[in-house]
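Given next are the chains, with one letter for each unit.
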Amino acid sequence: MKFFLLLLTGVYLLQAADSLQVPLLGDQPDGNRATPIHHIKLLDQDSSVIYPDEHPLLPFSTQKTCGPCHNYAVISRGWHFNAADSAVDAGRQGPPFIWLNRHALIQIPLSYRSWPGVFNPQDLGITALHFTSRFGGYMPGGGVAADTSLQTLKNYWRWQVSGQAEVNCFACHDASPLYDAAEYVDQMKRQNFRWAATASTDLARVEGSARNMPDNFDLYWGVAPDEPRKQPPTVTYDARRFDKKGQVDLVLTRKIPNDRCYFCHSQKFENNQRQTEALYDDVHLKAGLHCVECHQNKLDHQIDRGLAENENSCENCHLNSGRFGAPKPQHKGLPPVHLEKVACTTCHSGPQPLNTSYLAHTSLAHELGTKYAHREATALPHIQAPVFARNAQGKIAPNYMAWPVLWAIVRNDSLSPIPLEQVDEVISPLIARGDSLPTEDWPLLNDSLLTTSLDTLAQIFPQQQVVLVAGTNRFFLNSQKQLTVQQTDVPEPYLWPLAHDVRPAAQALGANGCTDCHSLSAPFFNSKIRNETILSDVQASLLPGNRFMKINQATANLFSSTFLFRPLLKIVVVLFYLLLLAVFVLYFFKGINYLINQLNQQQD
Amino acid sequence: MFRISVLIVLLVTIVLYWKNRKQHSLNQLKNQLLQNLKADRPGFLKQLRMFSFAWSALLFVLLGLSGFLPELLTGHHMSGFILVLHVLLAPFFLIAFTFWIFASVKRQAFIEKDWQIFKQGWTTIRSHQPTMDKLFFWSFFLLSLIGIGAIILSLFPLFSSSGIGNLIGIHRYVMLLLFLIAVVFYFRYFSLNQKIKIEEK
């Protein structure tokens, strides 16, 4: 009993201590608006001060260097780092990472968050190590790149070699124009997780690759004697940046420069002349705002995502608070039902819709800003926008969309994706053999190649139906082993909101009148979205763009057609109304006249 | 709020129907209308009045149903096909209504006799059917002007979204009031006829 009471008291005291935790020096601003100067010592993972002339030199550790003044534990649970934390609400859909393998015919939107339409990497056999080395360059460290619970025993030694990518504070807070985000991507691809943050700053250079190191590579002893040709990851600090005490000046800021955000959050729309010519066209940025003024966060790094309930959402600034001098929109002539049924972004965000959706390139999917960037207009992965769909609030909003392209086994009418490694081993050699065109689009395919591929996989999975799903097309072999295509709704494409660039009122949908949307040819109701066809001669390469808007096309067309004779109707209505008004006014004055006469007579 | 108002009007309609259920029948309505028409002087104006009244009444009921039912049943404003229907029918109602007003306005103008009745107070006005009819007519006319005017103004880019919202609000509430007046007017026919029949006996 005593022990139990003691235990309870201990737990209570621990909780109390936790709740009374004193904020660290940099956890909250002291009220001074000036940017603090960081004249500090760099510490490595062993908490040793780094001096540029010592050996062996380790990369600095953000946890050890920044942690003494900033609560690393709290920060590392922020939105950019908590995707794999199952206890965290998935929230509104966001940009996925897309697993792409041209020769294996794979394009799968991935996320550790349970968004509808994305695949969890673990379900496809993608390990945290794989995920981090492939996509970690576009993640600011922490999370998957540092979560030991996600690391498999199989990769244990690889993680020892690469290290974990700690939260890279510099990815956002480094205000130096020499911060090199592309270098960070490169380092992550080389599995230099431990070194990536250091290499991306202007303090040091990192050469070599952890990926090439054997499992028994030792961080302190360097390369094994039997592997002399392979260069281990090596860091060289710029000695001029260190003073005698080993301190360096870091240009860090709370007000994140837009460029830091852009590196991971850029997008390009093919065939959109306006955007190609005028980069950074967002009306808010043109007005002098920064990304982080709307997308704010506190110490917990839970970034405001522009949701209606956020303090700096469109609605709050433009309708309520008027913050940052946000003008209150007049929306002259716009019936208020639009504000109930349509999100602000529908009329104000992204490129003006065309008859067919744009192909979009995004930083995360196309590795924009690096030497690996997929530059061709039709480069994979195929992302299209704007695709209008109902959001969680039931409002129509523009989205990016990516169809999954994957190999699967049909089990009880549901699809079970085949592990990617297995597909790569079997399919890639078959397709790569005939792919001689230097293109970033799907390789040229024909029926026989697809038949062979399906047949080869079917031999690995006997008695089961193997299918290739691409957009709404499901390819499989029938009982005579002939290639068959079937239309399918499963799996659904993944859609995520498109919010930028924000267009001003003069460029919004509807600026030219109702017929911007309400006409039989207006793209808003009548545009087409691209299907993922793989084979060029497959039917239904374009699909109705309104399939996700949940509207009745006939009603929309009927309503749009009323706008054809609306001007005439307005004239008729006004004319008849004026006649009515004239009659009323005439009789009104007659009545007044009579009343005055009567009153006069009474007086007389 | 508007949903509750619609509900109240619906309840009033049900109560009035319940109160007049014995006198009320479509046959009686037909007879009453025919009786009124017989009393009318024959000619073009009579035909125009008949025709425009019939269309106005029919379109008014359809507009009322399309406007109020979605609100009552779903709590949301009309949309989709119902909205298209409402928007398409409304101009035709205005045209028919204008013709009806043109054909009836002279008959419904207040005259010397009405002035005398007005001077005697509400009890006398209530019992005098032609004067009451005129009161209904002019209140109907005035409210229609307000309701229709509000929605016509909202068709032009003169007001902001909130302004248009207010105009639509005026339109909805005024039309609901109009609907209530029409319902009271409609059932008044039967209760009055019943009284007349009792008095005749």
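Residues numbered from 1 in each chain as written. Chains lettered and ligands numbered in written order. Predicted model: local features only at pLDDT ≥ 70, side-chain atom pairs only at ≥ 80, totals over all residues. Heavy atoms only, no water.

Splitting chain A by domain gives domain 1 (36-93 + 124-168 + 176-250), domain 2 (258-402 + 494-562), domain 3 (405-433 + 443-487) and domain 4 (570-604). For domain 3 of chain A and domain 4 of chain A, the distance between their C-alpha centroids amounts to 81 Å. (Domains from an automatic or database assignment.)

It is worth spelling out the pattern of salt bridges at this point. Applying the stated rule across the entire model yields 13 salt bridges over all chains. In this structure, the salt-bridge partner of E293 of chain A is K255 of chain A, at a minimum N-O distance of 3.4 Å. Taken together, the residues span a long stretch of sequence, with E293 of chain A in helix α12 (residues 291-294) and K255 of chain A in the loop between β6 (247-250) and α9 (258-264) at a distance of 38 residues. Note on K255 of chain A: relative accessible area 45%, which makes it partly exposed. The residue E71 of chain B makes a salt bridge to R172 of chain B at a minimum N-O spacing of 3.0 Å. (Salt bridge = Lys/Arg side-chain N within 4 Å of Asp/Glu carboxyl O. Helix = DSSP H or I, 4+ residues; strand = E, 2+ residues; numbered from the N terminus. Buried < 20%, exposed > 50% of the residue type's maximum accessible area, 1.4 Å probe, protein only.)

What follows concerns the sheet that holds strand β7 (residues 267-269) of chain A. Residues and elements named next belong to chain A. With respect to topology, five strands assemble into an open sheet ordered β7-β8-β9-β10-β16, the strand pairing being antiparallel. Both edges of this open sheet fall to β7 and β16 (494-497), since each of them pairs with a single strand only. Within this sheet the neighbouring strands show an average axis-to-axis angle of 45 degrees, counted without direction. Pairing between strand β10 (residues 396-402) and β16: four bridges, direction antiparallel. Paired with N399 across the strands is P497, a residue of β16. (Pairing = 2+ DSSP bridges. Axes fitted to C-alpha atoms, helices over the stretch in contact; angles between N-to-C directions.)

The subject of this paragraph is the nonpolar core. Within the largest apolar cluster, 87 residues are counted, with the highest numbers of intra-cluster contacts made by L42, L110, F131, Y237 and W407 of chain A. In terms of residue count, the dominant contributor to this core is strand β11 (residues 405-411) of chain A (six residues). Contacts of Y237 of chain A, omitting those with residues within four sequence positions, involve L42, I50, P52, L57, L58, P59, F60, T198, L203, A204 and F242 of chain A. Core analysis: the second largest hydrophobic core is formed by 44 residues, V9, F97, A109 and I125 of chain B among them. (Core = buried A, V, L, I, M, F, W, Y, C linked by side-chain atoms within 4.5 Å. Contact = heavy atoms within 4.5 Å.)

All names here are of chain A. Pairing of β11 with strand β12 (residues 414-417), which is carried by four bridges, proceeds in the antiparallel orientation. Residue pairing for β12: V410 is matched across the bridge by L415. Between β11 and the antiparallel strand that follows it, β12, lie two residues; N412 among them carries a positive phi value of about 50 degrees.

Okay, a nonpolar patch on the surface next. All names here are of chain B. A cluster of nonpolar side chains, contributed by M50, F51, W55, L58, V61, L62, L65, L69 and L73, occupies part of the molecular surface with about 830 Å² of accessible area. Within the secondary structure, W55 is located in helix α3 (residues 44-74). Since its relative accessible area comes to 40%, W55 is described here as partly exposed. (Patch = residues over 30% accessible without salt bridge, like charges linked within 9 Å, V, L, I, M, F, W, Y side chains within 5 Å. Areas by Shrake-Rupley, 256 points an atom, 1.4 Å probe, with all protein chains shown as cover.)

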